[in-house]
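Summary of the model geometry
Now for the letters of each chain:
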Amino acid sequence: MKIQGSESGVLFPETLDEHIQADGLVLALRIPKDLTYFNGHFDEIAVVPGVVQIQWAVHYARQYLGLTRVFSHMESVKFKELLLPGQELELALHYLQQAGKLTFCYRSTACEYSSGRIYFHDHHV
């Protein structure tokens with residue numbers, strides 16, 4: 001499914017498959033060649049920015065895992081390989097609700113592209 005913003009163009013990868021688990025999910029994704037975030041990032045080669053990868057992880061955790069808490073901080077965020085147009089990969093998300101911890105990992109059979117931990121807290125904190 002290709003999700004598009006009304007004026008902004010394509011904002012999310014195409015979801016090819018989804019596997020929901022007890023504490024998370026694994027999404028099979030394809031990076032669209034016309035992703036809006038490629039504009040100006042970079043001139044030589046189109047790359048999915050790191051901040052967008054984090055935004056996607058939080059977006060899908062909210063959509064599939066019921067994450068409603070407010071962002072607190074991040075730890076051990078690493079961007080190891082470039083995410084490029086047309087690339088197919090998996091996004092693995094695990095959410096530990098009691099700890100308010102979301103781990104994400106963009107990966108393929110060939111490599112791990114990026115990973116990290118994002119922490120959340122309740123609204124009243």
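Here the structure is shown first, and the text comes after it.
Definitions and limits used
- Residues numbered from 1 in each chain as written.
- Predicted model: local features only at pLDDT ≥ 70, side-chain atom pairs only at ≥ 80, totals over all residues.
- Heavy atoms only, no water.
- Pairing = 2+ DSSP bridges.
- Helix = DSSP H or I, 4+ residues; strand = E, 2+ residues; numbered from the N terminus.
- Axes fitted to C-alpha atoms, helices over the stretch in contact; angles between N-to-C directions.
- Core = buried A, V, L, I, M, F, W, Y, C linked by side-chain atoms within 4.5 Å.
- Buried < 20%, exposed > 50% of the residue type's maximum accessible area, 1.4 Å probe, protein only.
- Contact = heavy atoms within 4.5 Å.
- Phe/Tyr/Trp six-rings, centres within 6.5 Å; stacked < 30°, edge-to-face > 60°.
- Polar contact = N/O pair within 3.5 Å; in protein donor to acceptor, adjacent residues only side chain to side chain.

Sheet architecture is open: six strands sit in the order E3-E4-E6-E7-E8-E5, paired in antiparallel fashion. Only two strands of the sheet have a single partner each, and these edge strands are strand E3 (14–21) and strand E5 (70–79). Geometrically, the sheet is characterised by an average inter-axis angle of 15 degrees between neighbouring strands, direction not taken into account. Alignment of strand E6 (residues 88–96) against strand E7 (residues 101–107), held across seven bridges, turns out to be antiparallel.

A few words on the nonpolar core. Ranked by internal contacts, the top residues of the largest apolar core, which has 29 residues, are Val48, Trp56, Tyr60, Leu93, Phe104 and Tyr106. Of all elements in the fold, only strand E4 (24–30), helix H1 (50–65), E6, E7 and strand E8 (112–121) reach the threshold of two or more residues within this core. When residues in this core are grouped by element, the largest group, seven residues, is from H1. Residues in contact with tyrosine 106, not counting those within four places in the same chain, are Gln53, Trp56, Ala57, Leu83, Leu89, Glu90, Leu91, Glu112, Tyr113 and Ser114.

Further remarks concern the packing of aromatic side chains. How two aromatic rings sit relative to each other is given by the distance of their centres and the angle of their planes. Summed over the entire model, instances satisfying the criterion amount to four aromatic pairs. On the basis of an interplanar angle of 40 degrees and a centroid distance of 6.3 Å, the ring pair of tyrosine 60 and tyrosine 64 is categorised as tilted. Residue tyrosine 60 and its partner tyrosine 64 are both found in helix H1; the two are separated by four residues, about one turn of the helix. On the basis of an interplanar angle of 85 degrees and a centroid distance of 6.4 Å, the ring pair of phenylalanine 71 and phenylalanine 120 is categorised as edge-to-face. Here phenylalanine 71 is found in strand E5, whereas its partner phenylalanine 120 is found in strand E8, with 49 residues between them in sequence. Note on phenylalanine 120: relative accessible area 5%, which makes it buried. One aromatic cluster in this structure is built from Phe12, Tyr60 and Tyr64.

Here the focus is the side chain of arginine 69. In this fold, arginine 69 is placed in the loop between H1 and E5. At a separation of 2.6 Å, a polar atom in the side chain of arginine 69 contacts the main-chain carbonyl oxygen of glutamine 97. Beyond its immediate chain neighbours, meaning those up to four positions away, arginine 69 contacts Arg62, Tyr95, Gln97, Gln98, Ala99, Gly100, Phe120, His121 and Asp122.

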